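Results of the structural survey
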Amino acid sequence: MELTVIGTGSRGNAYLLENDSEALLIECGVNIKAIKQALNFNLNKLVGCIVTHEHKDHSKSIKEVMAAGVNVYGTKGTHEACITYDNHRAYKLNLPEPFKIGNFKVMPFDVQHDAAEPCGFLINHPETGNVLFITDTMYCHYTFKNLHNIIIEANYSHEVIRVKLKEMEFLKNRVMQSHMSLDTCIEFLKSNDLSQVNNIILIHLSDGNSDEKLFRTEVTKATGKTVTVADNGLQMEINKTPF
Amino acid sequence: MSNQNQLTTVKEQTLNNVQNRISELQKGGFKLPSNYSPENALQSAWLMLQDVQTRDKKPALEACSKNSIAMGLFKMVQLGLNPAKNQCYFVPYGKDLQMMTSYFGQVLIAKRAGLKDVKANLILEKDGFDYQIEQDGRKVVSKHEQPFENFGNKIIGAYCVVTLPDGKQDTDIMTIDEIKQSWKQGATNGNSPAHKNFEGEMAKRTVTNRAIKMFVNSSDDGAIIDDEMQGVSPAEAHVNQQISDNANKKEIGFDEAEEADHEEVNEDAENQRLMEEALAEENGKQKETAQPGF
């Protein structure tokens, strides 16, 4: 299974899990053209799109995706906030009820973000094993069993934010209360059983308040796993086994 | 009676809320000044609040929103002020209860922040008063002669000398016109009994307030932060607390047993099939071997 990062960060998020026969779109916060391009214009492959919350950097193209005939899965709150509640392509999720799209089994769970009803996803596919997708949250309530791949937000570092946003108390507080710091991310990773994990992919790094190299080193040091910092356009294999 | 009961419930709720919030924040690393007891301050604040009235003589505790009351109390604790010593007072503005730091409170905060001394004097008519401005911009009083006969003369100004942590002194000087102008910004326009009867004392407070304002408002929280612990803002402390209380607590995931079952079933089925095949083969062989016998 291949992971394509169409977009990451506060300018727009969209991630694609794709093999020869099917693809799952995670988030659609980029221009629809970019999504189509990433799929090589083969939208038939797309079994569905899952959206964590309504903020534009995660849901920008939600209506276009629906118009292209793709079912979009999100919480009731998310669909209400996106004004897509009544669309027949809108599938409303109850947390944490698992559902199935194609061969993807998905379990949505609640997260802590300043949106209507935000969630994260645990995705299972025979090829990838359990893939955790978690972004835009202050912290995660849960730990997860048998993870094989982790896609997780590491938004800011306390050191950087203290200096850079010293004069902007409001923004600093907002970031702290709705995004995951490097420390929280590492603490979360350490709380989980990582023995079967192949890849840790860090997403949604804040442009100003993070440091790619430092984040990668710190997470590698803490977990001993292969850590990749997602950049727009990144493509990589994520599978259940490393080979 | 029912009114009294109502007040008691409001009190319990509000006080508990503020107290809980503070202890929660403290756990998360939020620092209060040392030698300060938030409980004592909250209790006496509550007693004082009972007598505070709005302009139309309604009790502030009924007229003001619970949220603004809690906010006011919280601000008081955050600054480490004691209302029993008149370091702060509560003023209702419509539905909002505001905590205002008094002159004493300002001096306390300034001293806590490291100011060594604050001293104000009046300048009376016929006083021999002179000051100069140093090269670094600080004003220094070079001469102030005030013979005893001048007592009772008209007040023409006031000045306040603050001694900074490094021992240097700075002075703020105001003419009586400036002082009266600043009183006009107040609610009573400078016509309160205190302003009328104790003009001198009030003038000293005004100039003191101005002299230390710059120092207080531009100080960091050095005074209330332990050296070992890096300072965290209330918001940060709250975030830390929430994270340590709630993060990574519950395990979820796809039911592995279910999956395992599937696999086992599959394996069983596979084994079964292999065995059947093997048996069939054996049987077949037996049959084959048996056949020629017939």
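For the structure given in this document, a descriptive report is provided here. Everything numeric here is computed off the predicted structure, so don't read it as measured data.

Conventions we followed
- Residues numbered from 1 in each chain as written.
- Chains lettered and ligands numbered in written order.
- Predicted model: local features only at pLDDT ≥ 70, side-chain atom pairs only at ≥ 80, totals over all residues.
- Heavy atoms only, no water.
- Core = buried A, V, L, I, M, F, W, Y, C linked by side-chain atoms within 4.5 Å.
- Buried < 20%, exposed > 50% of the residue type's maximum accessible area, 1.4 Å probe, protein only.
- Helix = DSSP H or I, 4+ residues; strand = E, 2+ residues; numbered from the N terminus.
- Domains from an automatic or database assignment.
- Contact = heavy atoms within 4.5 Å.
- Expected span 1.5 Å × (residues − 1).
- Arc of directions from axis to C-beta.
- Buried area = accessible area lost by both parts, 1.4 Å probe.
- Salt bridge = Lys/Arg side-chain N within 4 Å of Asp/Glu carboxyl O.
- Polar contact = N/O pair within 3.5 Å; in protein donor to acceptor, adjacent residues only side chain to side chain.
- Pairing = 2+ DSSP bridges.

1. Quick look at the nonpolar core
All names here are of chain B. With 52 residues, the main nonpolar core has Leu-49, Leu-73 and Met-76 as its most contacted residues. The dominant element in this core, judged by the number of residues it contributes, is helix 8 (residues 199-217), at 7 residues. Two domains each provide a minimum of three residues to this core, namely domain 1 (3-104 + 227-280) and domain 2 (115-218). Apart from residues no more than four positions distant in its own chain, Met-76 is found in contact with Tyr-36, Ala-41, Leu-42, Ala-45, Leu-81, Pro-83, Cys-88, Phe-90 and Met-99.

2. Overview of helix 8 (residues 212-223) of chain A
Residues lying three or four places apart along an α-helix face the same way, a consequence of the helix completing one turn every 3.6 residues. Residue and element names in this part refer to chain A. For helix 8, spanning 12 residues, the distance from its first C-alpha to its last is 17 Å, which sits close to the expected 16 Å at 1.5 Å a residue. Of all the positions in helix 8, only Phe-215, Val-219 and Thr-223 are classed as buried. Each buried residue of helix 8 lies within a common arc of 40° when the element is viewed along its axis, so the set occupies one face. Of the exposed residues in helix 8, those oriented more than 90 degrees away from the buried face are Lys-213 and Lys-221.

3. With respect to the interface of chain A and chain B
The partner chain B presents 21 residues to the 29 residues of chain A that form the contact. Considering only the side of chain A, the residues that lose the most area to chain B are A:Tyr139, A:Lys145 and A:Arg162, jointly responsible for 25% of the buried surface there. Where chain A touches chain B, the interface holds 0 salt bridges. At the junction of chain A and chain B, the tally comes to 9 residue pairs in polar contact (both at pLDDT 80 or more). Of all the elements in the fold, those that place two or more residues in the side of chain A that touches chain B are strand 8 (104-110), strand 9 (119-125), strand 11 (142-144), helix 5 (158-164), helix 6 (169-178) and helix 7 (182-191) of chain A. Where strand 11 of chain A and strand 8 (residues 250-252) of chain B come together, 3 bridges link them in parallel fashion. Residue pairing in the sheet places A:Thr143 in a bridge with B:Glu251 of strand 8 of chain B.

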